[in-house]
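Close look at the chain arrangement
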Amino acid sequence: MHPSIALVNSATESVGGRRVDALDSPESVRAWLLARDLIDSDGVLYEYCQGRIVALRENLRELFTARVGGEEPPPETVDAVNRALTSAPGALLLRFDAGQGFTRRADHPATQVIEHVSAVVAEDAAALLAGEDASILAQCEADGCRRFFLRTHARRQWCSTRCGDRVRAARAYARRRAAGSR
Ligand SMILES: [Zn+2]
């Protein structure tokens, strides 16, 4: 899974129009990043970190939306993503120690955790948007779902089986209603 797609999908309009945001506090940002191995367990996040990652999410959503719609993205959004891309070294350095063997970890001051995460996610987005997979980037067609996904099968219209089931159930209900009203 692309971390950039996961980030954009971390806020959605759920059924009934209620916005669900997995990044609504610094603590939830930390839990979300930990669950995706994007930070170390000793990584410290501050209040402003939430603002940084949420801003990156909105910028990436604009670029993904432009790509899917075949539209030109706002140049300032591309600039913002480039700033995230270069705000900290995104590369994980190779380490060796006798106990663990080779490992890779970020080399950055503890105060740059969010800059590093932003660089890693922006790098993933840049590679996705400029690469072959950009042509299969798609947005879920289910009502109330704004998630992006890679259309790995030509006929796939939904981000998940849950959305597909929901749409099929709604269509079946509409058909039954139409048949009943005749
Ligand atoms: Zn969906």
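Sequence order as written defines residue numbering, which begins from 1 separately in each chain. Restriction of local features to residues with pLDDT of at least 70 applies here, the model being predicted, together with a cutoff of 80 or more for giving and counting side-chain atom pairs; totals for whole chains, interfaces and linings are based on all residues. No hydrogens and no water enter the side-chain calculation; it runs on all heavy atoms of the structure.

Helical segments are the DSSP runs of H or I of at least four residues, strand segments are the runs of E of at least two, and each set is numbered from the N terminus. Assigned secondary structure in the protein consists of 6 helices and 6 strands. Secondary structure elements in the protein, listed N-terminal to C-terminal, are α-β-β-α-α-α-β-β-α-β-β-α. For the C-alpha atoms alone, the extent of the protein along its principal axes is close to 75 × 35 × 35 Å. Exposure is judged per residue with a 1.4 Å probe applied to protein chains only, and the accessible area is read against the type maximum: over 50% gives exposed, under 20% gives buried, and values in between give partly exposed. Sorting the 182 residues of the protein into buried and exposed places 36% on the buried side. Once local pairs closer than 6 in sequence are excluded, the contacts in the protein between residues at least 24 apart make up 53%. Accessible area for the protein stands at about 10900 Å²; split by element, carbon and sulfur atoms hold 52% of it. The criterion used for residue contact is that any of the two residues' heavy atoms lie within 4.5 Å. We get accessible surface area from the Shrake-Rupley algorithm with a probe of 1.4 Å; when it comes to residues, only the shown protein chains can shield them.

Once that is clear, we can look at helix α6 (residues 161-180). Spacing of three or four residues puts side chains on the same side of an α-helix, whose turn is 3.6 residues. One fewer than the residue count of a helix, multiplied by 1.5 Å, yields its expected span. For α6, built from 20 residues, the straight-helix expectation of 28 Å at 1.5 Å per residue is met to within 8% by its first-to-last C-alpha distance of 28 Å. Along α6, the residues that are buried comprise C163, G164 and V167. Projected down its long axis, α6 shows its buried positions confined to an angular sector of 105 degrees, all on one face. Away from the buried face of α6 by more than 90 degrees, exposed residues T161, R162, R176, R177 and G180 are located. This arc corresponds to the set of directions leading from the helix axis out to the C-beta atoms.

To continue, consider the packing of aromatic side chains. Stacked, edge-to-face and tilted are the three classes for Phe, Tyr and Trp ring pairs, Trp counted by its six-membered ring, which pair at centre distances within 6.5 Å; planes under 30 degrees apart are stacked, over 60 edge-to-face, the rest tilted. One pass over the full model with this rule turns up 3 aromatic pairs. Centroid distance Y46 to Y48: 6.4 Å. Interplanar angle 10 degrees. Geometry classified as stacked. For the ring pair F96 and F102, a centre distance of 5.1 Å and an interplane angle of 65 degrees mean the geometry is edge-to-face.

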